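Residues per chain, in single letters:
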Amino acid sequence: MFPEYDIIVVGGGHAGCEAAAAAAKMGSKVLLVTMNMATIAHMSCNPAMGGVAKGQIVREIDALGGLSGIVSDKSMVQFRMLNRSKGPAMWSPRTQNDRMRFAEEWRLALEGIPNLDMWQEMVSALLIKDQRVTGIRTSLGIEIPAKAVVLTNGTFLNGIIHIGEKQFGGGRAGERAATGLTEQLKSLGFESGRMKTGTPPRIDGRTLDYSRMEEQKGDEKPGKFSFGTETQPLSRQLSCWITYTNQAVHDVLKQGFDKSPMFSGRIQGLGPRYCPSIEDKINRFAERERHQIFVEPEGWKTIEIYVNGFSTSLPEDIQYKALKKIPGFENAKMFRPGYAIEYDFFPPTQLKATLETQLIDNLYFAGQINGTTGYEEAACQGLMAGINAHNKVHGKAPFILERSEAYIGVLIDDLITKGTQEPYRMFTSRAEYRILLRQDNADIRLTEKGHELGLASAERAERVRHKKQQVADLVQRLETIRVHADQVNNALEAMRSATIRDKINLATLLRRPEITAEALRNLHPEIDRTLSNYENEVVEQAEIAVKYQTYIEREQKMVEKMNSLEAFSIRPDFDYDRVKALSAEGREKLKRIRPRTIGQASRISGVSPADISVLTIYLGR
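What you are looking at is a predicted structure, and each value in this text was computed from that prediction instead of being measured. The residue count restarts for each chain, going from 1 along the sequence in the order it is written. Note on the predicted model: pLDDT of at least 70 is required for a residue's local features to be given, and 80 or more for side-chain atom pairs to be given and counted; whole-chain, interface and lining totals, by contrast, use all residues. The side-chain figures draw on all heavy atoms in the structure; neither hydrogens nor water molecules are used.

Undergrad: Break down the overall build of the protein for me, citing the residues and quoting the values.
TA: The number of helices and strands found in the protein is 22 helices and 22 strands. Considering only C-alpha atoms, the protein reaches an extent of 80 × 75 × 50 Å along its principal axes. Burial analysis of the protein (621 residues in total) assigns 58% to the buried set. A fraction of 72% describes how many contacts in the protein between residues 6 or more apart in sequence connect residues 24 or more apart. Only the protein chains shown count as cover for residues, and all accessible areas are computed by the Shrake-Rupley method using a 1.4 Å probe. When the accessible area of the protein is evaluated, it comes to approximately 26000 Å², of which 49% is carbon and sulfur surface. Secondary structure elements are taken from DSSP: a helix is a run of H or I of four residues or more, a strand is a run of E of two residues or more, and numbering for both begins at the N terminus. Summary of the burial criterion: residues with accessible area below 20% of their type's maximum are buried, those above 50% are exposed, and those between are partly exposed, where the area comes from a 1.4 Å probe applied to protein chains only. In this analysis, two residues are considered to be in contact whenever any of their non-hydrogen atoms come within 4.5 Å of each other.

Undergrad: Mind laying out the state of the cysteines, listing which residues take part and the relevant values?
TA: For this text, the term disulfide refers to a pair of cysteine sulfurs within 2.5 Å. Under the criterion given, the structure shown has zero disulfides. There is no disulfide at Cys-17, and the cysteine sulfur nearest it, in Cys-380, is 14 Å away. By relative accessible area, Cys-17 is classed as buried at 0%.

Undergrad: Go over the pattern of salt bridges with me, naming the residues and quoting the values.
TA: Salt bridges are defined by distance alone: a side-chain nitrogen of Lys or Arg within 4 Å of a carboxyl oxygen of Asp or Glu. According to the stated counting rule, one finds 43 salt bridges in the structure shown. Its salt-bridge partner being Glu-175, residue Arg-172 comes within 2.7 Å of it at the nearest N-O pair. Residues Arg-172 and Glu-175 agree in their burial class; the two are buried. Here Asp-440 and Arg-438 are joined by a salt bridge, their closest N and O atoms 3.0 Å apart. Across this residue pair, the class does not change: Asp-440 and Arg-438 are buried. Salt bridges here are not isolated pairs; linked through shared partners, they connect Arg-403, Asp-413, Asp-414, Lys-418, Glu-432, Glu-566 and Arg-603.

Undergrad: Talk me through the pairing of strand β1 (residues 5–10); I want residue IDs and the actual numbers.
TA: Walk down a regular strand and you will see the side chains alternate between the two sheet faces. Buried residues dominate β1, accounting for six of its six residues. Relative to strand β9 (residues 143–151), β1 runs parallel, the two sharing five bridges. Bridging from a neighbouring strand, Val-10 pairs with Leu-151 of β9. Strand pairing is assigned whenever DSSP detects at least two bridges linking the two strands. With four bridges joining them, β1 and strand β2 (residues 30–34) adopt parallel strand pairing. Note that in β2 the partner of Ile-7 across the bridge is Val-30. The definition of a right-handed crossover adopted here requires that, viewed with the strands pointing away, the path from the first strand over the helix to the second runs clockwise. This β-α-β element, β1 to helix α1 (residues 14–25) to β2, shows right-handed connectivity.

Undergrad: Can you tell me about the environment of Ile-293, naming the residues and giving the values?
TA: Within the secondary structure, Ile-293 is located in strand β16 (residues 292–297). In contact with Ile-293, other than residues within four places in its own chain, are Trp-241, Ile-242, Thr-243, Tyr-244, Thr-245, Val-307, Asn-308, Gly-309 and Phe-310.

Undergrad: Can you tell me about unusual backbone geometry, naming the residues and giving the values?
TA: Unlike most non-glycine residues, Asp-130 shows phi in positive territory, near 55°. Along the chain, the position of Asp-130 falls in the loop between β7 (123–129) and β8 (132–138). Using a relative accessible area of 71% as the deciding quantity, one classes Asp-130 as exposed. The backbone of Arg-496 shows a phi angle near 60°, a positive value even though the residue is not glycine. As for its position among the elements, Arg-496 is in the loop between α14 (485–494) and β22 (504–505).

Undergrad: Please give an account of the pairing of strand β12 (residues 193–199) that cites residues and values.
TA: Within β12, six of the seven residues are buried, which leaves it mostly tucked inside the rest of the structure. Taken together, the seven bridges between β12 and strand β19 (residues 339–345) define a ladder with antiparallel strand orientation. Bridge pairing links Met-195 to Tyr-343 in β19.

Undergrad: So what about the sheet that holds β19? Which residues, and what values?
TA: Taken together, the four strands give an open sheet; going across it, the order is β11-β10-β19-β12, and neighbouring strands pair in antiparallel fashion. At either margin of the open sheet sits one strand with a lone partner, and together these are β11 (166–169) and β12. For this sheet, the mean angle separating the axes of adjacent strands, direction not counted, is 25°. For helices, the fitted axis covers only the stretch in contact; all axes are lines through C-alpha atoms, and the angles between them, taken along N-to-C directions, range from 0 to 180 degrees.

Undergrad: Provide a residue-level description of the packing of helix α2 (residues 54–64) against helix α11 (residues 407–418), including the pertinent values.
TA: The interhelical angle for the contact between α2 and α11, taken along N-to-C directions, is 110°, at an axis separation of 9 Å. In terms of axis orientation, α2 runs roughly perpendicular to α11. Contacts between α2 and α11 involve Gln-56, Ile-57, Glu-60, Ile-61 and Leu-64 on the former and, on the latter, Tyr-407, Ile-408 and Leu-411. Taken together, the residues of the contact of α2 with α11 break down into six nonpolar, one polar and one charged. For classification purposes, an angle smaller than 35 degrees is called roughly parallel, one larger than 145 roughly antiparallel, one from 65 to 115 roughly perpendicular, and anything else oblique. Residue type decides the class: Asp, Glu, Lys and Arg count as charged, Ala, Val, Leu, Ile, Met, Phe, Trp, Tyr, Cys and Pro as nonpolar, and the leftover types, Gly among them, as polar.

Undergrad: Break down α11 for me, citing the residues and quoting the values.
TA: Note that an α-helix has 3.6 residues per turn; residues three or four places apart therefore point the same way. Expected helix span is computed as 1.5 Å times (number of residues minus one). For α11, spanning twelve residues, the distance from its first C-alpha to its last is 16 Å, which sits close to the expected 16 Å at 1.5 Å a residue. Burial of α11 is extensive: eleven of the twelve residues sit out of reach of the surface. Looking at α11, one finds that the buried residues are Tyr-407, Ile-408, Gly-409, Val-410, Leu-411, Ile-412, Asp-413, Asp-414, Leu-415, Ile-416 and Thr-417. Taken together, the buried residues of α11 touch α2, α10 (375–393), α20 (584–593) and α21 (598–602). A positive phi of about 70° marks Gly-419, the residue just after α11.

Undergrad: Would you mind going over the nonpolar core in detail, with residue names and values included?
TA: Counting 95 residues, the largest nonpolar core has Ile-8, Val-149, Leu-151 and Leu-363 as the members making the most contacts within it. No other element matches the ten residues that α10 contributes to this core. Sequence-distant contacts of Leu-151, defined by excluding residues within four places in its chain, comprise Val-10, Leu-126, Leu-181, Leu-185, Leu-363, Tyr-364, Phe-365, Ala-366 and Ile-369. Residues belong to one nonpolar core when they are buried, are Ala, Val, Leu, Ile, Met, Phe, Trp, Tyr or Cys, and are joined through side-chain atoms within 4.5 Å. Membership of the second largest hydrophobic core comes to 27 residues, among which are Leu-474, Leu-478, Leu-509 and Ala-542.

Undergrad: Tell me about helix α6 (residues 247–254), residues and numbers included.
TA: Of the positions making up α6, those classed as buried are Val-249, His-250, Val-252 and Leu-253. Taken end-on, α6 shows its buried residues confined to a sector of 160°, consistent with a single buried face. For the purposes of these results, a polar contact is taken to be a pair of N or O atoms within 3.5 Å, where, inside protein, one atom must be able to donate a hydrogen and its partner to accept one; residues adjacent in sequence count only when each atom of the pair is a side-chain atom. Of the residues flanking the start of α6, the one acting as N-cap is Asn-246, its side-chain oxygen 3.1 Å from the backbone nitrogen of Ala-248. In this description, one arc is meant: the one made by directions from the helix axis to the C-beta atoms.

Undergrad: So what's going on with the packing of aromatic side chains? Residues and values would help.
TA: Aromatic rings from Phe, Tyr and Trp, with only the six-membered ring used for Trp, were paired whenever their centres fell within 6.5 Å, and each pair was classed as stacked if the ring planes differed by under 30 degrees, edge-to-face if by over 60, and tilted otherwise. A complete count under the given rule lists eight aromatic pairs for this structure. Both rings, one in Phe-190 and one in Phe-346, keep their centres 6.3 Å apart while their planes meet at 85°; by these two values the pair is edge-to-face. With Phe-190 in the loop between α5 (181–187) and β12 and Phe-346 in the loop between β19 and β20 (363–365), this pair connects stretches of sequence that are 156 residues apart. We classify Phe-190 as buried; its relative accessible area is 4%. Owing to a relative accessible area of 0%, Phe-346 belongs among the buried residues under this scheme. Measuring from centroid to centroid gives 5.7 Å for Phe-346 and Phe-365, while their planes differ by 50°, and the two rings are tilted.

Shown next, in the form of structure tokens:
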């Protein structure tokens, strides 16, 4: 019934979609297997993409040739660049999305890839021969052969949904859990664990009083995720709204604490530290009188509202009573209650840097199965797993991004080196080179790599080369164009910036904290004419390069220093037992994680600097 596929991707969420699309676009014959084709790329939680550090990941996916950025742009209802008041390393794009259009755009994109097939059914087992995956078996007993398999099961592996004292099997509201795979993987020697995540109730927007809330509009000049020309910024946007809980809300919620599955111990898995449930916030931060609630529209043509900040697994009657105490929610009608979901994951220290498992050849894990949380973290893992599965099947070299090259590299290195005991979420603080890994330069960093892989188009690669040349040209002009005091002092005084006595170049002026590229335009008409010859993104790149030159050079030197350790490779079959001077804990961790390089080994918890010195000397011999 089925031919042998190059790659089978199990799961149709964000990780699965990116994995299937990438491998198929690169030339593999791919089968995407999902339990429900109607929920492919479903936004299980909030209808938004990006945010702090997550927005950088979406832009990196796009720069490499993935589809999350394009799909987000085509379905967005609002765009905001977060943290504009901070330095450019912190700027993070975020879109509010139309939930239904997001899934539709992904479905259309997948259906447009000729060598990508789909099949609706649950996968109950993997076919394994000589420690290598050879295909899958479905719940109907159908065996489908493949050279590689990518598991992107999300929250479906033995998923249990909790609402108060009620619990039932499910991977998402209205969808059944997936069974069989966890048990098989454990029998093969994999270690597994349990994690928990949650979602808030959904509300009828017609029953809310927005006059009692604070309006949160999109950017006046909205941007977009994709560096490509396939999408355009919004000309019209929907607003979000902000309101707050209060003591009355907290008092009602506390009435359900004795029935909370989280407090009673019925939930064993650890939930996300940085996105706690409302009951957890009230319990942990008892001194706070209120908590912020973001009221987010689900799309252009729906009345459904997502209550961001009110994730909960309390009994539904408690949820409803508490909601009606929130300003603006006095007459609210609830479409469905919030719930918590517990699911199986596999500690990611069992993976290689390619996301291939160490125990079974050609088997890859991506997304929440690895202990991550968030669409963006899942999507980038799917992209990398799809790329590497394709490369392995076709005899090509692995594709690995280092920590100095991308947030994606930081995320995967964190997972395989340090593991995670709770749902992993990306933050800018996790990246030691974040001034180099900005959202604005993701195309400069990664598009050439994406083009070499066969994902990013030649047109995109050429556009990036042109952009780099234009930025370099503008930086040079800023360094060489000099202005006289009588040309700019009046404007400088108006900006409350120190006046000048002698001729000075524009780059020196631009390095002043209070002077921006836009402000330079107002200093003299000639400067305005010069900058007008360049596109806005080129001017922005040049401004960052000039203003943060010292910081950029410092981080580049740090990268060069660390690269000496990253270049010191370790064979996968290296016998650590031969190095007698290693500490017992260090030897145990090194044997389990199997680092690729001395650099990766140095980041393993439990491996001391002394262990690294011993290992470096031993390998140097």
